[in-house]
Amino acid sequence: MEVKRTIPVKLDVPDERRDDLHTTIEQFNDAANYTIQNGRNDDGYLTLNKSKIHDRVYYDLRDRTDLPSNLCVRAYSKAVEAMKSTVADWKKGNSRPLPHLSEPSAVYDKRTLTIRDRSATLSTVNGRVEVEYVLGDYQRSYLDDDEYERRMGTLHYREDEDAFSLHIVVLKEVKQRGGDRVLGVDLNLKNVAVTSTGTFYDGGRLLWGQNHHFRVRRSLQDKGTRSAKQTLRQVSGRETRFVLDRLHTISRRLVEEARDYNCAFIAVERLTNIRERMDNGNDRIKRQMHNWAFRELRDMLAYKAAEYGFASKT
């Protein structure tokens, strides 16, 4: 089975090359949006075949932008994927306009991006730019793992942080575990997870943290001052990091338990209507249910389990 991860890496970009990255992203989005606006065939239908799109827009993109040829290809390919999503919604009867790409990002492949252990080079409108990584332990764990193959990446810019990052896609093949033994996992509020072995994962600390942050947020909202609003944003960020840290810990321990019991599958209860099923009319419980990240825990468990060859069931 194939394990695929996207690793966000902050970049240390030389000051004199930042404009080259900004311009590349702007022209990449312009190329993608031009493709969408000119992606209809003679009958008026959107063209979703990349070979036909190439014939229709490629040379226009080379003329209207300074992008290297392979970035032009990545731009119209991204546009086609966006159009496919729109057409799929149309077929379901959902009305939506043509997509317009505005997020400051650009997609790179092996021809336009060279990924090294601690640095990368990216094609731009003005030659290639070499950037250094700003790494944490999480990023190092994947970039230093020789079992993972580095495939491609997406360059992002966050205006609120005035920072560039590279989201690197890595893949590796993992042998699926044999056997038919299953670790069942039920989800709840008080006990975040209860497994079929009788192990309880207490959610008390998580609920305490959420209740604490709720009280702090409510107090700041009541004040309504400029400094209170700034503090509110900081508190919200701390709460998000707190919850994600707890969920990472619980999902990791669940995978370790499945390994200890030599299981081949991890089966998580279906999440359909879980909030309605657990609603007892208590306003506090309703709030906790609204904030409780059942799906995030399930998703974390699924991708951690895959790295060890477990198949997940819901």
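In this convention, every chain numbers its residues from 1, walking through the sequence in written order. With pLDDT at 70 or above as the cut-off, local features in this predicted model cover only qualifying residues; side-chain atom pairs require 80 or more to be listed or tallied, and sums for whole chains, interfaces and linings still use all residues. No hydrogens and no water enter the side-chain calculation; it runs on all heavy atoms of the structure.

- The name recorded for the protein in an unreviewed UniProt entry is IS1341-type transposase, from Halococcus salifodinae DSM 8989.
- UniProt positions are given in the numbering used here, feature names are shortened, and annotations may be inferred rather than shown by experiment. Taken verbatim from the UniProt record of the protein, the Sequence similarities (unreviewed entry) comment is "In the C-terminal section; belongs to the transposase 35 family."

Things to note about the side chain of threonine 124
Right, on to step 1. Topologically, threonine 124 is positioned in strand β4 (residues 119-124).
Right, on to step 2. In terms of polar contacts, threonine 124 uses its side chain to reach the backbone carbonyl oxygen of glycine 127, at 2.5 Å. Runs of H or I in DSSP of at least four residues are treated as helices and runs of E of at least two as strands, each being numbered from the N terminus. Nitrogen and oxygen atoms within 3.5 Å of one another constitute a polar contact, given that in protein one can donate a hydrogen and the other can accept it, and given that sequence-neighbouring residues count only through two side-chain atoms.

Points about the nonpolar core
Right, on to step 1. Within the largest apolar cluster, 50 residues are counted, with the highest numbers of intra-cluster contacts made by Leu11, Tyr133, Leu155, Phe164 and Ile168.
Right, on to step 2. When residues of this core are assigned to their parent elements, the largest contribution, 9 residues, is made by helix α3 (residues 69-91).
Right, on to step 3. Contacts were defined at the residue level, with two residues in contact if any of their heavy atoms lie within 4.5 Å. When near neighbours in sequence (up to four residues on either side) are disregarded, phenylalanine 164 contacts Lys10, Leu11, Val13, Arg18, Leu21, His22, Ile25, Leu155, His156 and Tyr157.
Right, on to step 4. For our purposes a nonpolar core is just a set of buried Ala, Val, Leu, Ile, Met, Phe, Trp, Tyr and Cys residues, chained together by side-chain atoms within 4.5 Å. Burial classification: accessible surface area is computed with a 1.4 Å probe over protein chains only, and a residue below 20% of its type maximum counts as buried, one above 50% as exposed, and the rest as partly exposed. Counting residues in hydrophobic clusters, the runner-up holds 22 residues, among them Ala258, Cys263, Ile266 and Ala305.

Digging into the confidence of the model for the protein
Right, on to step 1. How sure the predictor is of each residue is captured by pLDDT, a score from 0 to 100. Averaged over all residues, the pLDDT of the protein equals 83, while 79% of them reach at least 70.
Right, on to step 2. This model gives residues 284-291 a pLDDT under 50, and the stretch forms 19 contacts once residues within four places in sequence are excluded.

So, the pairing of strand β2 (residues 105-108)
Right, on to step 1. Alternating residues of β2 divide into Ser105 and Val107 and Ala106 and Tyr108, and every residue in both groups is buried.
Right, on to step 2. At least two bridges found by DSSP between two strands is the condition for calling them paired. As judged from the 4 bridges shared by β2 and strand β6 (residues 149-158), these two strands associate in the antiparallel manner. Looking at the pairing, tyrosine 108 lines up with glycine 153 of β6.

Remarks on the packing of helix α1 (residues 18-37) against α3
Right, on to step 1. Between N-to-C directions, angles span 0 to 180 degrees; the directions come from axes that are lines fitted to C-alpha atoms, helices contributing only their stretch in contact. Two elements in contact, α1 and α3, have axes whose closest approach is 8 Å; the angle formed by their N-to-C orientations is 50°. Between α1 and α3, the crossing angle belongs to the class labelled oblique. For the crossing formed where α1 meets α3, the hand is right-handed. The residues of α3 that touch α1, namely those facing Thr24, Phe28, Ala31, Ala32, Thr35 and Ile36, are Leu71, Arg74, Ala75, Tyr76, Lys78, Ala79 and Met83.
Right, on to step 2. Three classes are used, and their members are as follows: Ala, Val, Leu, Ile, Met, Phe, Trp, Tyr, Cys and Pro are nonpolar, Asp, Glu, Lys and Arg are charged, and the others, Gly among them, are polar. A class-by-class count of the residues in the contact of α1 with α3 yields 9 nonpolar, 2 polar and 2 charged. Small angles under 35 degrees read as roughly parallel and large ones over 145 as roughly antiparallel, with 65 to 115 read as roughly perpendicular and the rest as oblique. It is the rotation of the near helix from the far one that decides the hand of a crossing: anticlockwise by less than a right angle makes it left-handed, clockwise makes it right-handed.

With respect to α3
Right, on to step 1. End to end, α3 covers 33 Å across 23 residues, agreeing with the expected 33 Å (1.5 Å per residue, within 8%).
Right, on to step 2. Looking at the buried side of α3, the elements it contacts are α1, α2 (50-64), β2 and β4.
Right, on to step 3. Residue glycine 93 follows α3 closely and has a positive phi angle near 90°. One less than the number of residues in a helix, times 1.5 Å, gives the span that helix is expected to have.

Re the packing of aromatic side chains
Right, on to step 1. In this scheme Phe, Tyr and Trp rings, the latter by its six-membered ring, pair at centre separations within 6.5 Å, and the angle between planes marks the pair as stacked below 30 degrees, edge-to-face above 60, and tilted otherwise. Under the counting rule described, the total for this entry stands at 4 aromatic pairs.
Right, on to step 2. The interplanar angle of 80° and the centroid separation of 5.0 Å between the aromatic rings of tyrosine 58 and tyrosine 59 together place this pair among those described as edge-to-face.
Right, on to step 3. On the basis of relative accessible area, tyrosine 58 is assigned to the buried category, the value being 11%.
Right, on to step 4. Residues tyrosine 142 and tyrosine 148 carry aromatic rings whose centres are separated by 5.2 Å and whose planes lie at 65° to one another, so their mutual orientation is edge-to-face.
Right, on to step 5. Residue tyrosine 148 is classed as buried on the basis of its relative accessible area of 6%.

A few points about the pairing of strand β8 (residues 182-187)
Right, on to step 1. With burial as the criterion, only one face of β8 is covered, namely that bearing Leu183, Val185 and Leu187; the residues Val182, Gly184 and Asp186 on the opposite face remain uncovered.
Right, on to step 2. As judged from the 4 bridges shared by β8 and strand β11 (residues 265-268), these two strands associate in the parallel manner. Paired with valine 185 across the strands is valine 268, a residue of β11.
Right, on to step 3. Taken together, the 3 bridges between β8 and strand β9 (residues 191-195) define a ladder with antiparallel strand orientation. In the strand pairing of β9, aspartate 186 is matched with valine 194.

Section: unusual backbone geometry
Right, on to step 1. With a phi angle near 50°, aspartate 162 is a residue other than glycine that sits in the positive phi range.
Right, on to step 2. Within the secondary structure layout, aspartate 162 lies in the loop between β6 and β7 (163-173).
Right, on to step 3. Overall, the relative accessible area of 44% leaves aspartate 162 in the partly exposed class.
Right, on to step 4. Backbone geometry at asparagine 262 places phi at a positive 55°, although glycine is not the residue there.

What about the packing of α2 against α3?
Right, on to step 1. At their nearest, the axes of α2 and α3 sit 10 Å apart, and the two run at 130° to each other. Classified by the angle their axes make, α2 and α3 are oblique. Viewed along their axes, α2 and α3 form a crossing whose handedness is right-handed. When α2 is examined against α3, the residues Lys50, Ile53, His54, Val57, Tyr58, Leu61 and Arg62 are found in contact with a partner set consisting of Ser69, Cys72, Val73, Tyr76, Ser77, Val80, Glu81 and Met83.

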